[in-house]
Amino acid sequence: MAEKITLDDKDYYLDEMTEQQKYLISVIQEQQIKINEAKKDIDVATAAKEVFIVNLKKSLEEEKSETKKIAEG
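Nothing here was measured: the structure is a model prediction, and the numbers come from that model. Here the residue index of a chain counts from 1 through its sequence in written order. Given that the model is predicted, a residue must reach a pLDDT of at least 70 before its local features are reported, and side-chain atom pairs must reach 80 or more before they are shown or counted; all residues, however, enter totals for whole chains, interfaces and linings. As a convention, hydrogens and water are excluded, and side-chain values are obtained from all of the structure's heavy atoms.

Enquirer: What is the right way to look at the pairing of strand E2 (residues 10-13) in this model?
Expert: In summary, the side chains of a regular strand alternate between the two faces of the sheet. Pairing between strands is defined by DSSP: at least two bridges between them are needed. Strands here are runs of E lasting at least two residues and helices are runs of H or I lasting at least four, both read from the DSSP assignment and numbered beginning at the N terminus. Note that strand E1 (residues 4-7) and E2 share four bridges and pair antiparallel. Following the sheet pairing, Leu-7 is matched in E2 by Lys-10. Hairpin remark: E1 followed by E2, antiparallel, with two residues in the connecting loop; positive phi at Asp-8, about 55 degrees.

Here it is in structure tokens:
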């Protein structure tokens, strides 16, 4: 079975494409991989940021609690 791609709801068969068209497909595929990797990096960075925010809030609450205990003596 011949390999095909679908573009704008139309099927195109690789064995019928020019070398230029095959090259463009490979470049598009490489860029899609980069986009997927960037999305993953953004997800990881976003999750890490959220952890740091939670840690900061916890630290600020602990400091507030310690200050209150000292003030109450």
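Enquirer: Would you mind showing me how to read unusual backbone geometry here?
Expert: Negative phi is the rule for most residues except glycine; trans is the rule for most peptide bonds. Phi angles above zero are rare outside glycine, and Asp-8 is one such case at about 55 degrees. Along the chain, the position of Asp-8 falls in the loop between E1 and E2. Of note, the phi angle at Asp-9 is positive, near 65 degrees, even though the residue is not glycine. For Asp-9, the position within the fold is in the loop between E1 and E2. On the accessibility criterion, Asp-9 (79% relative accessible area) is exposed. Burial classes: relative accessible area under 20% of the type maximum marks a residue as buried, over 50% as exposed, and values in between as partly exposed (1.4 Å probe, protein chains only).

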